[in-house]
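# Topology and contacts: notes
Each chain, letter by letter, is given below.
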Amino acid sequence: MIRVLLADDHALVRSGFAMVLSVEDDIEVVAQAADGAAAVAAARNGAVDVALLDVQMPVMDGIEATRRIVGTGCAKVVIVTTFDREDYLFDALAAGASGFLLKNADPDDLVEAVRAVAGGHALLAPEATLRVIRALAADVSPAAPEPAPAPPDPAQQRIVASLTEREHEVLRLVSEGLSNAEIAQRLFLGPATVKTHVSNILAKTGSRDRVQAVVFAHRAGLAG
């Protein structure tokens with residue numbers, strides 16, 4: 001059973017999240033908090049696996065609450081916010097958050113995030129994935145001389161060769177930040193089929209999560 005803490009200063013949001021999660025057999029909402037300080041106290045006082053935190057909360061914001069919860073090893077954290085802001089994303093990741101979702105995400109995405117983070121993985125909203133990749137790509141000094149092209153990596157080439165044509169298509173769309181539902185619509189596939197393709201891609205590329213798969217795609221020249 002995955003034990004979840006919900007922290008948001010809007011009771012209606014907490015109730016909505018609780019309703020979405022409570023129907024899952026393997027997830028239990030064990031605590032709720034209306035501010036960051038109360039969230040930290042609840043995480044420290046109770047057995048919590050995953051904390052879902054808003055960013056803008058009274059007394060203590062979600063970023064500082066994340067830093068304290070993760071710093072003491074009380075729980076893993078997923079930030080769930082209304083605001084698609086780059087500073088929130090990178091501050092949350094720097095504070096130790098394992099996930100970042102927007103509140104307009106599908107309910108299934110919330111459930112997937114809880115399970116993924118509880119399992120030791122990271123999960124970012126498609127929009128956040130793109131921002132991370134762009135930041136990685138921009139982390140190069142423009143004044144630095146152009147490096148010599150690296151020789152082909154045989155292991156990487158073997159992985160690329162192992163991908164089917166459809167997996168190439170799905171990986172390219174994942175690298176563009178599309179969700180499984182959007183990929184299914186784009187390729188006229190069922191959501192379950194796309195999920196299977198993504199799982200195969202993660203296994204073949206040795207990626208822990210979608211973010212690592214996107215990094216692999218960029219390094220292998222497969223990104224769209």
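Residues numbered from 1 in each chain as written. Predicted model: local features only at pLDDT ≥ 70, side-chain atom pairs only at ≥ 80, totals over all residues. Heavy atoms only, no water.

Moving on, we come to the UniProt feature "modified residue: 4-aspartylphosphate" (unreviewed entry) in the protein. The sites that UniProt annotates as "modified residue: 4-aspartylphosphate" (unreviewed entry) are Asp-54. Looking at where Asp-54 falls in the secondary structure, it is placed in the loop between β3 (50–53) and α3 (62–71). By relative accessible area, Asp-54 is classed as buried at 5%. Non-local contacts of Asp-54, meaning those with residues more than four positions away in its chain, are made with Ala-7, Asp-8, Asp-9, Gly-62, Val-80, Thr-81 and Lys-103. (UniProt positions renumbered as here; feature names shortened; annotations may be inferred. Helix = DSSP H or I, 4+ residues; strand = E, 2+ residues; numbered from the N terminus. Buried < 20%, exposed > 50% of the residue type's maximum accessible area, 1.4 Å probe, protein only. Contact = heavy atoms within 4.5 Å.)

Turning next to the pattern of salt bridges. Counted by the stated rule, this structure contains 11 salt bridges. Notably, a salt bridge pairs Asp-49 with Arg-3, separated by 2.9 Å at the nearest N-O pair. With Asp-49 in the loop between α2 (36–45) and β3 and Arg-3 in strand β1 (residues 2–7), this residue pair connects regions lying 46 residues apart in the sequence. The closest approach of N and O atoms between Glu-24 and Arg-115, which form a salt bridge, is 2.8 Å. Separated by 91 residues along the polypeptide, Glu-24 in the loop between α1 (11–22) and β2 (27–33) and Arg-115 in helix α5 (residues 107–118) bring together distant segments of the chain. Given the relative accessible area of 23%, Glu-24 is considered partly exposed. Here the residues in one salt-bridge network are Asp-8, Asp-54 and Lys-103, joined through shared partners. (Salt bridge = Lys/Arg side-chain N within 4 Å of Asp/Glu carboxyl O.)

Attention shifts here to α5. With 12 residues, α5 extends 17 Å from end C-alpha to end C-alpha; this agrees with the ideal 16 Å at 1.5 Å per step. If you check which residues of α5 are buried, you get Leu-110, Val-111, Ala-113, Val-114, Ala-116 and Val-117. Phi turns positive one or two residues past the end of α5, at Gly-120, with a value near 90°. (Expected span 1.5 Å × (residues − 1).)

What follows covers the UniProt feature "domain: HTH luxR-type" (unreviewed entry) in the protein. In the UniProt entry, the feature "domain: HTH luxR-type" (unreviewed entry) is given for residues 156–221. Secondary structure within residues 156–221 divides into 77% helix and 0% strand; the distance between the first and last C-alpha atoms comes to 11 Å.

Moving on, we come to the nonpolar core. Counting residues in hydrophobic clusters, the biggest one holds 52 residues, and the most contacted among them are Leu-21, Leu-52, Leu-53, Ile-69 and Phe-100. Here the element with the most residues in this core is α5; it accounts for six residues. Look past the residues within four positions of Leu-52 in its chain and what remains in contact with it is Val-4, Leu-5, Leu-6, Ala-7, Leu-21, Val-78, Val-80, Leu-110 and Val-114. Within the second largest apolar cluster, 18 residues are counted, among which are Leu-163, Leu-202, Val-214 and Leu-222. (Core = buried A, V, L, I, M, F, W, Y, C linked by side-chain atoms within 4.5 Å.)

The next subject is the sheet that holds strand β4 (residues 76–81). Here we have six strands laid out as an open sheet, ordered β2-β1-β3-β4-β5-β6, and parallel in their pairing. Edge positions in the open sheet fall to β2 and β6 (123–124), since each of these has one partner strand only. With six bridges joining them, β1 and β2 adopt parallel strand pairing. Considered in β2, the bridge of Arg-3 is made with Glu-28. Each of β4, β5 (99–102) and β6 is contacted by helix α4 (residues 86–95), which is oriented at about 155° to β5, the strand it contacts most. (Pairing = 2+ DSSP bridges. Axes fitted to C-alpha atoms, helices over the stretch in contact; angles between N-to-C directions.)

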